[in-house]
Amino acid sequence: MTDGIINVYKERGFTSHDVVAKLRGILKMKKIGHTGTLDPEAEGVLPVCLGKATKVCELLTDKEKTYQAVLLLGTVTDTQDTTGEVLETHLVVCSEEAVCEATARFTGDILQVPPMYSALKVNGKKLYELARQGIEVERKARPVTIKEIRIDEIHFPRVTMTVTCSKGTYIRTLCHDIGALLGCGGCMEKLLRTKVGPFILEDSVRLSEIEKKRDEGRLEEVIRPTDSVFMKYQALLLNETGEKAVRNGNPIRPELAVKTVLLETSLKEGTGGSDVWEKRTEFENETEDGMRFRVYDASRTFLAVYEWRREKHCLWPVKMFL
């Protein structure tokens, strides 16, 4: 079984579940999971986890995401994008300055009412199932964070913008709300996800490319190692005592378990090469409480993510990848 993460370019017309199903066929493996739903009409970055790396899925779902969206002003639909039924049309008479001012008001921590056409559940039923039955229910506004909205281009009635936001943000709803604030209404015409955590559009690969790599025996070229998601954490190389403790899912005392600590590496992913390691046992004085580490055995096989608990003077398991 192959473990790792593929940065898939999800094409228009596929659901995220379609991508997973097709990859199961291409790779001949069942244990595959995606890291956050993209609407069928949306395109772009969809990290897909394989084997043991499926444990990363929930961690990547929480990551900050970046989208490029096209807002179509003057049109209001029931789905908040152009796939839905048109409810209203209006003349667009606002200025470019007004568009910039309106979008700026949605940056920061905001409350957003999820659209009826979404997979959120109310009383056990998905909202889009209710919407298709003509039923609309009250939805509670949810807090989301819009880190940045950058206006890329304005050609009325279309506004192209790049949005960096927290998980749970609906770009369709953002487009709808900006249009409402401008007084002419609006909906989302196109959506391209360009970044999820460390995964960027430029490195993404289409399903056809993955299939070609498989046929050429070069799949490893598109599969990133599981630990590549955690490169911002320092690495710990364990001794025999530490490895045994980690394989049993136990906390570890660094002075007894840690052989060396990775200070820096010349590689973007994984360990090896010209890494610089040092012996370190003074975790009590040097390490911040809650600091996380990626943990490896003596052969540099990635095992887990651990967290320093100063009060207990030990490293505590966060996520195991055994």
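Sequence order as written defines residue numbering, which begins from 1 separately in each chain. Thresholds applied to this predicted model are a pLDDT of at least 70 for local features of residues and 80 or more for the giving and counting of side-chain atom pairs; totals over whole chains, interfaces and linings are not thresholded and use all residues. Note that water and hydrogens are dropped before the side-chain values are worked out from all heavy atoms of the structure.

### Some remarks on the packing of helix 1 (residues 16–27) against helix 6 (residues 207–215)
For the pair helix 1 and helix 6, interaxial distance at closest approach is 10 Å and the crossing angle is 10°. In terms of orientation, helix 1 lies roughly parallel with respect to helix 6. Each of V19, K22, L23, G25 and I26 in helix 1 lies in contact with helix 6, whose residues at this interface are L207, I210, E211 and R214. Note on residue classes: Ala, Val, Leu, Ile, Met, Phe, Trp, Tyr, Cys and Pro are nonpolar, Asp, Glu, Lys and Arg are charged, and everything else, Gly too, is polar. The residue makeup of the contact of helix 1 with helix 6, split by class, is five nonpolar, one polar and three charged. Orientation is described by lines fitted to C-alpha atoms, with helices fitted over the stretch in contact, and by angles between N-to-C directions that extend from 0 to 180 degrees. Numbered from the N terminus, helices here are DSSP runs of H or I no shorter than four residues, and strands are runs of E no shorter than two. Every angle not falling under 35 degrees, over 145, or within 65 to 115 is termed oblique; those three ranges are roughly parallel, roughly antiparallel and roughly perpendicular. Here a residue-residue contact requires only that any non-hydrogen atoms of the pair lie within 4.5 Å.

### Regarding the pattern of salt bridges
What counts as a salt bridge is simple: a side-chain nitrogen of Lys or Arg found within 4 Å of a carboxyl oxygen of Asp or Glu. The full count for this structure, using the stated rule, is 17 salt bridges. Residue D215 is joined to R214 by a salt bridge in which the shortest nitrogen-to-oxygen separation is 2.8 Å. Burial classification: accessible surface area is computed with a 1.4 Å probe over protein chains only, and a residue below 20% of its type maximum counts as buried, one above 50% as exposed, and the rest as partly exposed. According to the relative accessible area criterion, D215 is exposed, its value standing at 57%. Here E221 ties to R218 by a salt bridge, and the two come within 2.9 Å at their closest N and O atoms. When its relative accessible area of 44% is taken as the criterion, E221 is described as partly exposed. Taken together, the salt bridges that share partners define one network made up of K213, E216, R218 and E221.

### Some words on the side chain of T79
Considering the arrangement of structural elements, one finds T79 in the loop between strand 5 (75–77) and strand 6 (86–89). Taking the relative accessible area as the measure of exposure, T79 reaches 8% and is therefore buried. Within the local environment of T79, its side chain forms a polar contact with the backbone nitrogen of G84, the two atoms lying 3.1 Å apart. With near-sequence residues (within four places) excluded, T79 lies in contact with G84, Y117 and R172. Between N or O atoms, a polar contact is any pair within 3.5 Å; within protein, one atom must be a potential hydrogen donor and the other a potential acceptor, and residues adjacent in sequence are included only when both atoms are from side chains.

### Quick look at the packing of aromatic side chains
Any pair of aromatic rings gets described here by the distance separating the centres and the angle formed by the planes. Put simply, two rings from Phe, Tyr or Trp (the six-membered ring, in Trp's case) pair if the centres are within 6.5 Å, and we call them stacked under 30 degrees between planes, edge-to-face over 60, tilted for the rest. Under the defined criterion, the tally for this structure stands at five aromatic pairs. Judged by centre distance (5.6 Å) and plane angle (50°), the ring pair of Y296 and F302 falls under tilted. Both residues of the pair, Y296 and F302, belong to the buried class. Taken together, F230, Y233, Y296, F302 and F321 form an aromatic cluster joined through their ring pairs. Note on geometry: a ring has a charge over it if NZ (lysine) or CZ (arginine) is within 6 Å of the ring centre and within 35 degrees of the ring normal. The cationic tip of R206 hangs over the ring face of Y9; the distance from NZ or CZ to the ring centre is 4.2 Å.

### Details of helix 5 (residues 171–182)
An expected span of 1.5 Å times one less than the residue number is assigned to each helix. An ideal rise of 1.5 Å per residue puts 16 Å on 12 residues; helix 5 measures up with 17 Å between its terminal C-alpha atoms. Among the residues making up helix 5, those that are buried are I171, R172, T173, L174, C175, I178, G179 and L182. Check the buried side of helix 5 and you find it contacts strand 4 (65–73), helix 3 (96–104), strand 7 (108–112), strand 10 (142–155), strand 11 (158–165) and strand 12 (186–196). One or two positions beyond helix 5, positive phi appears at G183, with a value near 85°.

### Section: helix 6
Those residues of helix 6 not exposed but buried are L207, I210 and K213. The arc that holds every buried residue of helix 6, seen down its axis, measures 120°, which confines them to one face. Set apart from the buried face of helix 6 by more than 90 degrees, the exposed residues are K212 and D215. Next to the buried residues of helix 6 lie strand 1 (4–10) and helix 1. One or two residues past the end of helix 6 sits G217, with phi positive at roughly 70°. To be clear, the arc concerns the directions from the helix axis to the C-beta atoms.

### Regarding the confidence of the model for the protein
As a per-residue quantity, pLDDT reports the predictor's confidence and falls between 0 and 100. Overall, the prediction assigns the protein a mean pLDDT of 89, with 92% of residues at 70 or greater. At the level of individual helices and strands, the protein shows its lowest average pLDDT in strand 17 (residues 276–278), which scores 59, and its highest in strand 11, which scores 98.

### Observations concerning the nonpolar core
Nonpolar side chains tend to gather and get buried jointly when the protein is soluble and globular. Here, nonpolar core refers to any group of buried Ala, Val, Leu, Ile, Met, Phe, Trp, Tyr and Cys residues whose side-chain atoms link them within 4.5 Å. The biggest cluster of nonpolar side chains holds 27 residues, and the ones touching the most others in it are L73, M161, V163, I171, I178 and L182. For this core, the secondary-structure elements that each account for two or more residues are strand 4, helix 3, strand 10, strand 11, helix 5 and strand 12. Per-element accounting of this core gives the leading share, five residues, to helix 5. Beyond its immediate stretch of four places on either side in the chain, I171 contacts Y67, A69, V163, C165, M188 and L191.

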